[in-house]
Amino acid sequence: MQEITLTLTLYGEEFLSEDQDWSRIRCKNSGPGGIEVYHVIKEERGFLFLNPNQGGFNGYHHTLKDLVINALLRSNTKVFVV
């Protein structure tokens, strides 16, 4: 049996503290409909990337770090701070 592992290094993690201004975090997704930019919101169900015209991206996550990591694991997606 062959084991498959993932090593993850997350640069800029200091921006992912819930004490920081996480509303500045954006996610840019290049999909079939073109480039869409999403921003972070926090609701009762957790953190979500939201674009008012396209809806949510990537589902709700309990932590901001989980939201960003899950978004970065998708192809054609970039996360940045403005």
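Residues numbered from 1 in each chain as written. Predicted model: local features only at pLDDT ≥ 70, side-chain atom pairs only at ≥ 80, totals over all residues. Heavy atoms only, no water.

Please set out the sheet that holds strand β5 (residues 77-81) residue by residue, giving values where relevant.
Here five strands make up an open sheet; going across it, the order is β4-β3-β2-β1-β5 and the pairing antiparallel. Lying at the two open borders of the sheet, with one neighbouring strand each, are β4 (55-61) and β5. On average, each strand axis in the sheet is tilted by 25 degrees relative to the strand beside it, whichever way the strands run. This element, helix α1 (residues 64-72), spans β1 (25-31), β2 (34-43), β3 (46-51), β4 and β5 of the sheet and lies at about 125 degrees to β4. (Pairing = 2+ DSSP bridges. Helix = DSSP H or I, 4+ residues; strand = E, 2+ residues; numbered from the N terminus. Axes fitted to C-alpha atoms, helices over the stretch in contact; angles between N-to-C directions. Contact = heavy atoms within 4.5 Å.)

For the side chain of N51, give the residues involved together with the corresponding values.
Tracing the backbone shows N51 in strand β3. Residue classification places N51 among the buried positions, given a relative accessible area of 6%. Looking at N51, its side chain comes within polar contact range of the main-chain oxygen of V37, at 3.0 Å. (Buried < 20%, exposed > 50% of the residue type's maximum accessible area, 1.4 Å probe, protein only. Polar contact = N/O pair within 3.5 Å; in protein donor to acceptor, adjacent residues only side chain to side chain.)

Can you explain the packing of aromatic side chains? Please cite residues and give values.
Applying the stated criterion across every chain yields a total of two aromatic pairs. Plain terms: the ring middles of W22 and F47 are 5.5 Å apart, the flat faces sit at 90 degrees to each other, and that makes the pair edge-to-face. Placement of the pair is W22 in the segment before β1 and F47 in strand β3, with a sequence separation of 25 residues. Positioned above the aromatic ring of F57 is the side chain of R74, whose terminal nitrogen or guanidinium carbon lies 5.1 Å from the ring centre. (Phe/Tyr/Trp six-rings, centres within 6.5 Å; stacked < 30°, edge-to-face > 60°. Lys NZ or Arg CZ within 6 Å of the ring centre and 35° of its normal.)

Tell me what's going on with the pattern of salt bridges, and back it up with residues and numbers.
Going through the model one piece at a time under the given rule, you end up with one salt bridge. As a salt-bridge pair, E13 and K65 come within 2.9 Å of each other at their nearest N and O atoms. Remark: K65 occurs in helix α1 and E13 occurs in the segment before β1; sequence separation between them is 52 residues. (Salt bridge = Lys/Arg side-chain N within 4 Å of Asp/Glu carboxyl O.)

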